[in-house]
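# Secondary and tertiary structure notes
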Amino acid sequence: MKILNGEIISSGIIMGAIYFNSKATTDIEKLIENRNKEISSDDLQSELDIYKEATIHVKNHYLSLCKKTEQNGGVNKDDEIVAIFEGLSLIVVDEELTEAITNDIKEKFHTAEYAVYMVSRNFMATLEVLEDGYIRQRAKDIEEVANKLISEIVDRKKNNYNDNIKDNLSLNNKLPHILIVDKVLSEMLISNGRDEMMGIVAKECGENSHAAIIARTLEIPVLLVDSISDMEEGEYGILDSEKGELIINPTDEIKESYIKLINTIKEDRDELKKYKDIKVKCVDGREINIFANVSCIKDIEAAIENGTEGIGLFRSELLYMDREIAPTEEEQFLVYKEAAKLLGDKPLTIRTFDAGMDKELKFIKSSGERSLAIDSRGISLLLQNVDIFKTQLRAIYRAAVYGNIKVMFPMISYIDEVYRIKEILSEIKKELETDNQPFKDIEVGIMIETPSAVTFSDVLTSEVDFVSIGTNDLIQYTFAYDRDTQGFVNLTDKEYEELFKMIGVVVNNAHKNGCKVSVCGELAGEIRFANKFIETGIDQLSVASSKILILRKQIISLL
């Protein structure tokens with residue numbers, strides 16, 4: 001028996017045979033090194049044609065993965081996965097990238113694969129030096145697309161047009177197995193993760209990469225290890241991605257203990273279902289509502305299945321991503337209307353789109369002058385793009401006729417921003433009346449995400465109906481943490497203590513002004529802090545759908 005320790009990328013436990021898939025990833029550097037890098041003028045058009053054919057094939061490949069995701073369904077963030085593959089397909093035909101590659105072939109007489117390699121690496125080098133985590137992820141996306149293009153070009157030159165995914169990734173069986181690869185690829189998870197019980201052990205997979213996001217969404221355990229040479233195909237393994245271990249050739253006793261553990265986990269999940277419709281009440285009679293954070297209609301369906309009491313944060317920016325122009329009022333109205341009708345009387349809190357920084361939109365203008373880029377996101381960005389802002393507000397107020405909708409504004413720092421919002425709300429209501437469009441007046445809330453908002457929370461909460469504390473950004477701006485790379489688990493006890501003092505200040509000021517308080521950042525779903533949130537007096541926690549029942553159970557056990 002051997003035990004390999006590793007870094008957990010996606011948690012879970014699976015038992016089964018070890019399967020090596022060395023073909024799943026290719027060492028692109030070695031591949032390029034061993035191939036011709038230049039061509040003659042006679043071969044120029046042929047290389048251009050091969051490159052064009054490869055782009056068409058690879059783009060269609062990513063779009064086919066979108067369709068496969070949509071057809072299989074049944075997982076709570078499928079829309080996010082589809083968006084990932086759609087984004088990769090757009091990179092394949094990105095005008096700036098394709099023009100640079102084409103010019104490299106024409107002007108430097110590079111082979112198509114070498115041109116893709118050189119140009120993509122230059123693009124990546126430009127992006128990787130930037131501090132923003134989203135931009136660094138874009139570099140990884142370019143690398144993934146470029147490597148796929150290079151493999152496709154090389155295959156075409158070898159007259160090998162087989163579908164790599166079908167030939168190299170699919171195991172064509174439904175037995176539990178542990179896949180061993182050099183690097184986890186997004187497409188690998190879609191090809192295998194739906195229909196087969198699979199865990200993955202790999203040498204490489206970024207914690208915030210698209211592959212990691214998809215693995216966690218599909219609940220596929222993924223563990224990173226330093227070496228994958230310490231095992232052989234066909235050996236039996238237990239991948240415990242809760243503890244961060246791969247146990248190779250376990251004893252019968254260990255096997256039996258894990259069988260019992262897996263059954264216990266299943267029983268625990270079934271046991272949680274009894275908390276689906278239970279209300280959380282404190283000793284003093286105060287209710288604490290457990291709401292869900294969502295990004296799309298499928299997320300709402302999952303939240304309802306998990307017993308949510310409402311939606312505390314609808315991230316509307318998904319409607320705006322990967323578009324050349326902003327969504328129309330009617331497009332947004334139909335989505336908000338469907339969401340409201342799904343929830344019935346349960347609250348639906350729509351956050352106006354929070355773009356900028358890690359969620360850039362092509363049709364949005366931004367000054368981005370202030371440090372930490374606060375001017376290039378949240379309410380500052382909305383007030384720089386009033387026409388787009390008003391279009392969304394009109395859609396929200398119209399959809400409110402069909403349910404219990406509330407509207408919430410991100411990254412508020414100063415009272416003047418609230419005053420301006422109220423002016424705009426007054427304007428759009430008059431416009432709707434003039435246009436004879438039915439609408440309903442709704443509750444107005446703001447996000448508390450900056451130290452200045454905490455400082456001015458007394459006056460801010462006197463002007464709105466509710467506030468939601470976004471702990472992700474509040475931690476970033478208070479303690480200068482990089483939310484993409486450092487994570488929040490690295491906060492010291494003293495920093496957590498200060499954070500909860502800030503939350504307490506907001507709660508006290510809000511309640512004094514008759515304003516309710518929600519917490520919707522990642523911290524809200526941390527079971528270990530449930531008691532702290534109760535002590536601060538918050539009214540509502542809004543978390544990922546998967547955390548609703550276990551959080552409700554934990555809070556009830558504390559009361």
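Use the structure listed above.
The rules behind each value
- Residues numbered from 1 in each chain as written.
- Predicted model: local features only at pLDDT ≥ 70, side-chain atom pairs only at ≥ 80, totals over all residues.
- Heavy atoms only, no water.
- Helix = DSSP H or I, 4+ residues; strand = E, 2+ residues; numbered from the N terminus.
- Contact = heavy atoms within 4.5 Å.
- Areas by Shrake-Rupley, 256 points an atom, 1.4 Å probe, with all protein chains shown as cover.
- Pairing = 2+ DSSP bridges.
- Axes fitted to C-alpha atoms, helices over the stretch in contact; angles between N-to-C directions.
- Parallel < 35°, antiparallel > 145°, perpendicular 65-115°, else oblique.
- Nonpolar A, V, L, I, M, F, W, Y, C, P; charged D, E, K, R; others polar.
- Buried < 20%, exposed > 50% of the residue type's maximum accessible area, 1.4 Å probe, protein only.
- Right-handed = clockwise from strand over helix to strand, strands pointing away.
- Left-handed = near helix turned anticlockwise from the far one by under 90°.
- Phe/Tyr/Trp six-rings, centres within 6.5 Å; stacked < 30°, edge-to-face > 60°.
- Patch = residues over 30% accessible without salt bridge, like charges linked within 9 Å, V, L, I, M, F, W, Y side chains within 5 Å.
- Salt bridge = Lys/Arg side-chain N within 4 Å of Asp/Glu carboxyl O.
- Expected span 1.5 Å × (residues − 1).

### Considerations on the overall build of the protein chain
The helix and strand inventory of the protein chain stands at 21 helices and 16 strands. Residue pairs at least 24 apart in sequence account for 69% of intrachain contacts in the protein chain once pairs closer than 6 positions are excluded. A total accessible area of about 25400 Å² is found for the protein chain, and carbon and sulfur atoms account for 47% of it.

### Focus on the sheet that holds strand 14 (residues 466-469)
Strand order around the closed barrel formed by eight strands is 9-10-11-12-13-14-15-16, with parallel pairing between neighbours. Adjacent strand axes in the sheet meet at a mean angle of 25° when their direction is disregarded. Here four bridges tie strand 13 (residues 444-448) to strand 14, and the two strands are oriented parallel to one another. Bridging from a neighbouring strand, Ile446 pairs with Val467 of strand 14. Across the face of the sheet, helix 15 (residues 415-434) comes into contact with strand 12 (404-412) and strand 13 while running at roughly 140° to strand 12. On the sheet, helix 21 (residues 548-558) packs against strand 9 (289-294) and strand 16 (540-543) and is oriented at approximately 160° with respect to strand 9.

### Structural notes on the side chain of Thr352
Relative to the helices and strands, Thr352 is located in the loop between strand 11 (347-351) and helix 13 (378-384). Residue contacts for Thr352: discarding those within four places in its chain leaves Ser316, Glu317, Leu382, Phe389, Gln392, Leu393, Ile396, Val407, Met408, Phe409 and Pro410.

### What to know about the packing of helix 11 (residues 297-305) against helix 12 (residues 329-343)
Across the interface, helix 11 lies against helix 12 with an axial gap of 10 Å and an inter-helix angle of 10°. As judged from the angle between their axes, helix 11 and helix 12 are roughly parallel. Residue-level contacts link Ile297, Ile300, Glu301 and Ile304 of helix 11 to Val335, Glu338, Ala339, Leu342 and Leu343 of helix 12. Looking at the contact of helix 11 with helix 12 residue by residue, the class counts come to seven nonpolar, no polar and two charged.

### Looking at the sheet that holds strand 3 (residues 13-20)
Reading across from one edge, 1-8-7-3-4-5-6-2 is the order of the eight strands in this open sheet, with mixed pairing throughout. Each edge of the sheet is formed by a strand with only one pairing partner; in this case those strands are strand 1 (2-5) and strand 2 (7-10). In this sheet, adjacent strand axes meet at a mean angle of 30° when their direction is disregarded. Strands strand 3, strand 7 (236-240) and strand 8 (245-248) of the sheet are contacted by helix 10 (residues 252-272), whose axis makes an angle of about 125° with strand 3.

### Observations regarding the side chain of Asp141
With respect to the secondary-structure elements, Asp141 resides in helix 6 (residues 133-157). Asp141 gets classed as buried once you look at its relative accessible area, which sits at 3%. Residues contacting Asp141, with those up to four places away along its chain left out, are Leu88, Ile91 and His210.

### A closer look at the pairing of strand 15 (residues 516-519)
Where strand 14 meets strand 15, four bridges bridge the pair, whose relative direction is parallel. Bridge assignment links Ser468 to a residue of strand 15, and that residue is Ser518. Examined bridge by bridge, strand 15 and strand 16 share two bridges and lie parallel to one another. For Val519, the partnering residue across the bridge sits in strand 16 and is Leu541. Taken together, strand 15, helix 20 (residues 530-536) and strand 16 constitute a β-α-β crossover, and its handedness is right-handed.

### Considerations on the packing of helix 12 against helix 14 (residues 386-399)
Contact geometry of helix 12 with helix 14 gives a least axis separation of 8 Å together with a crossing angle of 35°. Seen along the crossing, helix 12 lies across helix 14 with a hand that is right-handed. Listed contacts from helix 14 to Glu329, Glu330, Gln332, Phe333, Tyr336, Lys337 and Ala340 of helix 12 are Thr391, Gln392, Arg394, Ala395, Ile396, Arg398 and Ala399.

### Quick word on the packing of aromatic side chains
Following the criterion strictly, the structure yields 10 aromatic pairs and no others. Judged by centre distance (5.6 Å) and plane angle (45°), the ring pair of Phe500 and Phe529 falls under tilted. With a gap of 29 residues between them, Phe500 in helix 19 (residues 493-512) and Phe529 in the loop between strand 15 and helix 20 connect regions that are remote in the sequence. By the burial criterion, Phe500 is buried, and Phe529 matches it.

### With respect to a nonpolar patch on the surface
Together, Tyr414, Tyr419, Phe456 and Val459 give the surface a local cluster of nonpolar side chains, amounting to about 350 Å² of exposed area. For Phe456, the position within the fold is in the loop between helix 16 (451-455) and helix 17 (457-461).

### Remarks on the environment of Gly312
Inspection of the secondary structure puts Gly312 in strand 10 (residues 311-315). The class for Gly312 is buried, based on a relative accessible area of 3%. Along the sequence, Gly312 and Ser518 sit 206 residues apart, while their C-alpha atoms lie 7.7 Å from each other. When residues no more than four places from it in sequence are discounted, the contact partners of Gly312 are Phe291, Ala292, Thr349, Met408, Gln540 and Ser542.

### Examining the pattern of salt bridges
For the coordinates displayed, the defined rule picks out 35 salt bridges. With a shortest N-O distance of 3.3 Å, Glu309 and Lys279 are connected by a salt bridge. In this pair, Glu309 sits in the loop between helix 11 and strand 10 while Lys279 sits in the loop between helix 10 and strand 9, placing the two residues 30 residues apart along the sequence. Because the salt bridges share partners, they merge into one network encompassing Glu329, Glu330, Lys390, Arg394, Arg398, Arg420, Glu423, Glu427, Glu431 and Asp435.

### A look at the environment of Leu239
Of note, Leu239 is situated in strand 7. Along the sequence, Leu239 and Met198 sit 41 residues apart, while their C-alpha atoms lie 9.8 Å from each other. Apart from the residues lying within four places of it in its own chain, the contact partners of Leu239 are Gly12, Ile13, Ile14, Ile178, Gly199, Ile200, Val201, Pro221, Leu223, Glu245 and Leu246.

### What to know about helix 5 (residues 112-128)
Think of an α-helix as turning once every 3.6 residues; residues three or four places apart then point the same way. A rise of 1.5 Å per residue sets the reference length of helix 5, with its 17 residues, at 24 Å; its end C-alpha atoms lie 24 Å apart and thus fit the reference within 8%. Within helix 5 the residues assigned to the buried category are Ala112, Glu113, Tyr114, Ala115, Val116, Tyr117, Val119, Ser120, Arg121 and Met124.

### A closer look at helix 14
Under the 1.5 Å per step criterion, the end-to-end length of helix 14 is 20 Å for 14 residues, consistent within 8% with the ideal 20 Å. Extensive coverage of helix 14 is indicated by the burial of 11 of its 14 residues. All of the buried residues in helix 14 are Ile388, Phe389, Lys390, Gln392, Leu393, Arg394, Ala395, Ile396, Tyr397, Arg398 and Ala399.

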